[in-house]
Structures are given as C-alpha cells and as structure tokens.
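# Summary of structural features
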Amino acid sequence: MTLYFLIKYLHVLGAIVILGTGAGIAFFMLMAHRTHDAEFIARTASVVVVADAIFTFSAVIMQPVSGGLLMMLSATSITERWLLAAIALYVVAGLFWIPVVIMQIEMRDLARKACDQHTALPQRYFVLFRRWFAFGFPGFGATMLILWLMIAKPF
C-alpha cells in the first residue's frame, strides 16, 4: 500500500465518520426529543455532546490535513473548481455545525435542570430544538455535496 492510498483511506474514513456520526446524532436526538422526557433527553444529549467532541471533532480536524496531503501527493491544484467548491462547502458545514454543538450543550443543560427541578422542559428548549433541527439540513447537506464532489470531480 502506498502512502497516497493510506492517506486516501484515512480521508474517506474521516468522511464516513462525519456523515455517520452526524446521522446518528440527529437520529438519537430526534428520538429522545419525541418523548418529551427531560431525563431521557438529558442522558441522550450528554452522549451526543461527547460523541461530537470525540468523533466529529477529530474527523473535522483530520479532513483538511489528509486532504492537503492528498493534494500534495497527487499534485492537485487548489484552484481546481471542484476542490474550491468542496472547501467552500466545508466552511458552510462548519458554520452550521459549531452552533449546533452549542445548542446541543444548552439543550442538555436545560433538560438536566428540568430533571433536577422536576419541571417540564422550558420553552427555550423547544426553540433551540427547532433551530438545531433546521441547522442540521444545510450542515449535513453540505457534507453530502462535498462527498459527491470528491467522488465525481464534475468540474
């Protein structure tokens, strides 16, 4: 196995981790939210925050590093249009992902507080959930488009 293919494997693995973790987090948060059970939401959101910190964050760091190495090893120019589009979409995904993580932390804290105080989830939780849900579409959509650009290199 050459160095290029090893790095390419790690790059593809990073993309899988980002997409898989993103889909998994969205699913588990949605399922927990549907219960309206503050304790269940708090536990689920706690795990989601940890998963984002461990898996998504490490993959988000690995992608530009492995991508840069692949560019270097293959003599791919930064000016290729598909690559410029992928980089722009990576920034867009990040601009949606960062607030999503912050919202997840706040939703977790609100659910914990409701649990501790034996109260219903506050209205702020539901506002955050709707915003979190809405931010997921462009963030996840951007990552799906990046994957397509990297495979198809259409222009």
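Let me sum up the structure you'll find in this document. In this text, all values refer to a predicted model and were calculated from it rather than measured experimentally. (Residues numbered from 1 in each chain as written. Predicted model: local features only at pLDDT ≥ 70, side-chain atom pairs only at ≥ 80, totals over all residues. Heavy atoms only, no water.)

### Overview of the overall build of the protein
Cut-off, in case you're wondering: Secondary structure elements follow DSSP: runs of H or I no shorter than four residues count as helices, runs of E no shorter than two count as strands, and numbering proceeds from the N terminus. Under the scheme applied here, a residue whose accessible area is under 20% of the maximum for its type counts as buried, over 50% as exposed, and between as partly exposed, the area being computed with a 1.4 Å probe on protein chains only. Calculation of accessible area relied on Shrake-Rupley with a 1.4 Å probe; when residues are assessed, cover is drawn exclusively from the protein chains displayed. The charge count treats Lys and Arg as positive and Asp and Glu as negative. His and the chain ends do not count. To locate a charge, take NZ of a lysine, CZ of an arginine, CG of an aspartate or CD of a glutamate.
Along the protein, the regular secondary structure elements total four helices and zero strands. Secondary structure elements of the protein occur, N-terminal to C-terminal, as α-α-α-α. Taken across its 155 residues, the protein has 34% of its residues classed as buried. On the protein, roughly 9100 Å² of surface is accessible, and the fraction owed to carbon and sulfur atoms is 75%. For the protein, the separation between the mean place of its 11 positive charges and that of its 7 negative charges on side chains is 8 Å.

### Details of helix H3 (residues 81-117)
Put simply, the test is: Expected helix span is taken as 1.5 Å per residue step, with the number of steps being one fewer than the number of residues.
When the terminal C-alpha atoms of H3 are compared, their 54 Å separation across 37 residues agrees well with the 54 Å that a helix rising 1.5 Å per residue should span. Positive phi appears at His118, one or two residues downstream of H3, with a value of about 55°.

### Considerations on the pattern of salt bridges
Worth spelling out the cut-off: We count a salt bridge whenever a side-chain nitrogen from Lys or Arg sits within 4 Å of a carboxyl oxygen from Asp or Glu.
Throughout the structure, instances matching the rule amount to three salt bridges. Between Asp109 and Arg108 there is a salt bridge, and its shortest N-O distance comes to 3.0 Å. Given a relative accessible area of 35%, Asp109 falls into the partly exposed group. By relative accessible area, which is 15% here, Arg108 ends up buried.

### Details of the nonpolar core
To keep things clear, this is the line we draw: Only buried Ala, Val, Leu, Ile, Met, Phe, Trp, Tyr and Cys residues count toward a nonpolar core, and they belong to the same one when joined by side-chain atoms within 4.5 Å. Note on contacts: a residue pair is in contact if any heavy atoms of the two residues lie within 4.5 Å.
Judged by nonpolar contacts, the single largest core of 21 residues is most densely connected at Ile25, Met29, Ile41, Met107, Leu121, Tyr125 and Trp132. Elements supplying a minimum of two residues to this core: helix H1 (3-35), helix H2 (38-74), H3 and helix H4 (123-152). In contact with Trp132, not counting residues within four places along its chain, are Ile25, Ala26, Met29, Val100, Met103, Gln104 and Met107. In this structure, Leu83, Leu89, Ala93 and Leu149 belong to the second largest nonpolar core, which totals nine residues.

### Structural notes on H2
Keep this limit in mind: A residue's bend is simply the angle between two axes: one fitted to the seven residues ending at it, one to the seven starting at it. Identification of polar contacts relies on pairs of N or O atoms within 3.5 Å, with a donor-acceptor requirement for protein atoms, meaning one able to donate a hydrogen and the other able to accept it, and with residues adjacent in sequence counted only if both atoms are side-chain atoms.
Between the first and last C-alpha of H2 there are 51 Å, a value that for 37 residues agrees with the 54 Å anticipated at 1.5 Å per step. The largest bend in H2 is about 35°, located at Asp52. The N-terminus of H2 is capped by Asp37, whose side-chain oxygen sits 3.0 Å from the backbone nitrogen of Glu39.

### Digging into the packing of H1 against H4
The criterion, for reference: An axis is simply a line fitted to the C-alpha atoms; with a helix, the fit covers only the stretch in contact. Between two such axes, the angle follows the N-to-C directions and lies from 0 to 180 degrees. Any angle from 65 to 115 degrees is called roughly perpendicular, while one under 35 is roughly parallel, one over 145 is roughly antiparallel, and all others are oblique. It is the rotation of the near helix from the far one that decides the hand of a crossing: anticlockwise by less than a right angle makes it left-handed, clockwise makes it right-handed. Charged means Asp, Glu, Lys or Arg here, nonpolar means Ala, Val, Leu, Ile, Met, Phe, Trp, Tyr, Cys or Pro, and polar covers whatever is left, Gly included.
Across the interface, H1 lies against H4 with an axial gap of 11 Å and an inter-helix angle of 155°. When the axes of H1 and H4 are compared, the pair comes out roughly antiparallel. Crossing hand, H1 versus H4: left-handed. For the pair H1 and H4, contact is made by His11, Ala15, Ile18, Leu19, Gly22, Ala23, Ile25, Ala26, Met29, Leu30 and His33 and by Tyr125, Phe126, Phe129, Trp132, Phe133, Phe140, Thr143, Met144, Leu147 and Met150, respectively. For the contact of H1 with H4, the per-class residue count stands at 17 nonpolar, four polar and no charged.

### A few points about the packing of H2 against H3
Direction vectors running N to C along H2 and H3 enclose 160°, while the axes themselves pass 9 Å from each other. Here H3 runs roughly antiparallel to H2, going by the angle between their axes. The hand of the H2/H3 crossing is left-handed. For the contact of H2 with H3, the class distribution of residues is 20 nonpolar, four polar and four charged.

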